[in-house]
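The primary structure of each chain is shown beneath.
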Amino acid sequence: MSDAEFDLLDELYFVQPYSYLSETLGWEDQLLLETLNSLYLAGLVKCLDAADEERFDPVNVLEEGKDLYFLATKKGLMAHNAL
């Protein structure tokens, strides 16, 4: 797990919108979207359309990410806490 992935997972213990992550981490959109995508593809985060509306269809994080909410999965939390 990269440092960026670790830092991002640190913010996803609770559902967070993209705007919060962008503001809190202060990263460029490309880095944030690529890191979110990497974590999503690894099954470490899940995507939501709203704070209580999980997406179960495949998500293109690079295209849709700015409009989504994110949350670490159980697998993501366990990976984060193992380091």
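Presented here is an overview of the structure given in this document. This is a predicted model, so every value here is computed, not measured.

Rules used in this analysis
- Residues numbered from 1 in each chain as written.
- Predicted model: local features only at pLDDT ≥ 70, side-chain atom pairs only at ≥ 80, totals over all residues.
- Heavy atoms only, no water.
- Salt bridge = Lys/Arg side-chain N within 4 Å of Asp/Glu carboxyl O.
- Helix = DSSP H or I, 4+ residues; strand = E, 2+ residues; numbered from the N terminus.
- Buried < 20%, exposed > 50% of the residue type's maximum accessible area, 1.4 Å probe, protein only.
- Pairing = 2+ DSSP bridges.

## What about the pattern of salt bridges?
It is possible for side chains bearing opposite charge to pair when their charged atoms get close. Evaluated as defined, the whole model comprises five salt bridges. Of the charged contacts, one joins Asp 29 and Lys 66 as a salt bridge, the two residues approaching to 3.1 Å between their closest N and O atoms. In this pair, Asp 29 is assigned in helix H3 (residues 29-41) and Lys 66 in the loop between helix H4 (61-64) and strand E4 (69-72), connecting sequence segments 37 residues apart. Its relative accessible area of 31% is what places Asp 29 among the partly exposed residues. One continuous salt-bridge network, built from bridges that share partners, spans Asp 49, Arg 55, Asp 57 and Glu 64.

## Quick look at the environment of Asp 67
Turning to its location among the elements, Asp 67 is positioned in the loop between H4 and E4. A C-alpha to C-alpha distance of 16 Å links Asp 67 and Thr 35, two positions 32 residues apart in sequence.

## Some words on the pairing of E4
Judged from the two bridges that link them, strand E1 (residues 16-17) and E4 form a sheet pairing that is antiparallel. Each bridged residue has a counterpart across the sheet, and for Gln 16 the counterpart in E4 is Phe 70. Judged from the four bridges that link them, strand E2 (residues 45-50) and E4 form a sheet pairing that is antiparallel. When the bridges of E4 are listed, Cys 47 appears paired with Phe 70.

## So, the sheet that holds E2
Strand pairing in a sheet relies on backbone hydrogen bonds. The paired strands run either parallel or antiparallel. Taken in spatial order, the four strands of this open sheet run E1-E4-E2-E3, and their pairing is antiparallel. Each edge of the open sheet is held by one strand with a lone partner, namely E1 and strand E3 (53-54).

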